[in-house]
Amino acid sequence: MSTRPLLVPALCAVAALAAACDDNYRSVRLERASEDGVGKGVLKVVDTLQCPQTHGTLTRKGTASAGGTVCSYVGPRGTEVSLHLVALEGASPAEVLKAFEDRLSGDLPQAVAGLERAAAEAERDAARAEAQADEAAAAAASASSGDRASVRAPGMAVDARGDDATVRLPGLHIETRGDKASVRIGGFHIDADDGSGSVDIQGGGDGDNVSIRARNDSAEIRASAAGEATRASWILTDNRPSAEGWRLVGYEARGPVGGPLVVATVRSRDRDRGRAFEDAKDLVTLNVGE
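This structure is a prediction, so every number in the text was calculated from the model and none was measured. (Residues numbered from 1 in each chain as written. Predicted model: local features only at pLDDT ≥ 70, side-chain atom pairs only at ≥ 80, totals over all residues. Heavy atoms only, no water.)

### A look at helix α4 (residues 274–288)
Compared with an ideal rise of 1.5 Å per residue, which puts 15 residues at 21 Å, α4 spans 22 Å between its outermost C-alpha atoms and is within 8% of the ideal. Along α4, the positions that sit buried rather than exposed are Ala276, Phe277, Asp279, Ala280, Lys281, Leu283, Val284, Asn287 and Val288. Positive phi appears at Gly289, one or two residues downstream of α4, with a value of about 100°. (Helix = DSSP H or I, 4+ residues; strand = E, 2+ residues; numbered from the N terminus. Expected span 1.5 Å × (residues − 1). Buried < 20%, exposed > 50% of the residue type's maximum accessible area, 1.4 Å probe, protein only.)

Here is the structure:
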């Protein structure tokens, strides 16, 4: 049996995890309150934004507006950063941030459409796989020894038939079905499909959460930290520029329990996060803390 159908999707999925969520996941994991609530991790209640004239690669446009609740900046290659102070006013932090996502997503319609198609295809494939489960089990049971391979060793189990395989190792579980692979490693669950060029990663630890969806040219990454305070980031990227030239949009948001939230939004013509996104995060830290 060729190992390519097993190894290629699995390794690609693990590589996607390492490359896509490294900075984002670690940034939210490390921004948690200490047990005594003192020091790093204590978020401030903000009445008016602090908006320096310059910050890193960013330069402020004009003065703060809307009573000191909005500041606008420009960065390299026309990057746009807006800093917002948002009162919850009875809404949940998730509802407030969803409104920001909806507005920013409108700048990358191709990415949104592609990811929605990938989600619909995943639901269809899941239903089809469930319907075919009994048939596959019966086929495996009746297969001749020449069609199947099975390896057992302490802590390891490998079962393979044609392009389908299952591998179990300590902390790692891989299943492949043709050009599809499901990988469970540590606290992460990765579903990859070579045919559609999509990967979906879910996971985290200690209440933190990371979610990554990718399809061909587009990717969506969201991360949130554990605790009642809000610490969240969201990024949508597309290799194909929009009509206005945007390739990346996103936000960094933090706020104490009950709000208000300080939200930095970013629009960039570079697909990589770059220095401007880090400077936007630093503006959030300047205002509300880590």
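### Focus: the nonpolar core
Counting 22 residues, the largest nonpolar core has Leu49, Tyr73, Leu83 and Val262 as the members making the most contacts within it. With six residues, the single largest contributor to this core is α4. Setting aside chain neighbours within four positions, we find Leu49 in contact with Gly68, Thr69, Val70, Cys71, Leu83, His84, Leu85, Val262 and Asn287. Of all hydrophobic cores here, the second largest spans 18 residues; its members include Leu88, Phe100, Ala111 and Ala253. (Core = buried A, V, L, I, M, F, W, Y, C linked by side-chain atoms within 4.5 Å. Contact = heavy atoms within 4.5 Å.)

### Things to note about the confidence of the model for the chain
Here the chain averages 77 in pLDDT, and 63% of its residues register 70 or above. Counting interchain partners and residues more than four positions distant, the pLDDT-below-50 stretch residues 1–40 has 72 contacts. (pLDDT = per-residue confidence, 0-100.)

### Side note on the state of the cysteines
What is meant by a disulfide is a covalent connection between two cysteines, made through their sulfur atoms. Here the structure, examined in full by the defined rule, presents one disulfide. The disulfide partner of Cys51 is Cys71, and the S-S distance across this bridge is 1.7 Å. Since a negative S-S torsion denotes a left-handed disulfide, the Cys51-Cys71 link at about 80° is right-handed. With a gap of 20 residues between them, Cys51 in the loop between α1 (4–29) and β1 (54–55) and Cys71 in strand β3 (residues 70–74) connect regions that are remote in the sequence. (Disulfide = S-S within 2.5 Å.)

### What to know about the pairing of strand β15 (residues 248–255)
Burial runs high along β15: eight of the eight residues are buried. Here β15 shows no split at all, with Leu248, Gly250, Glu252 and Arg254 on one side and Val249, Tyr251, Ala253 and Gly255 on the other all buried. Where strand β14 (residues 230–238) meets β15, eight bridges bridge the pair, whose relative direction is antiparallel. Among the inter-strand pairings, Arg231 is bridged to a residue of β15, identified as Arg254. Note: β15 against strand β16 (residues 261–268), seven bridges, orientation antiparallel. When the bridges of β16 are listed, Arg254 appears paired with Val262. Between β15 and the antiparallel strand that follows it, β16, lie five residues; Gly258 among them carries a positive phi value of about 90°. (Pairing = 2+ DSSP bridges.)

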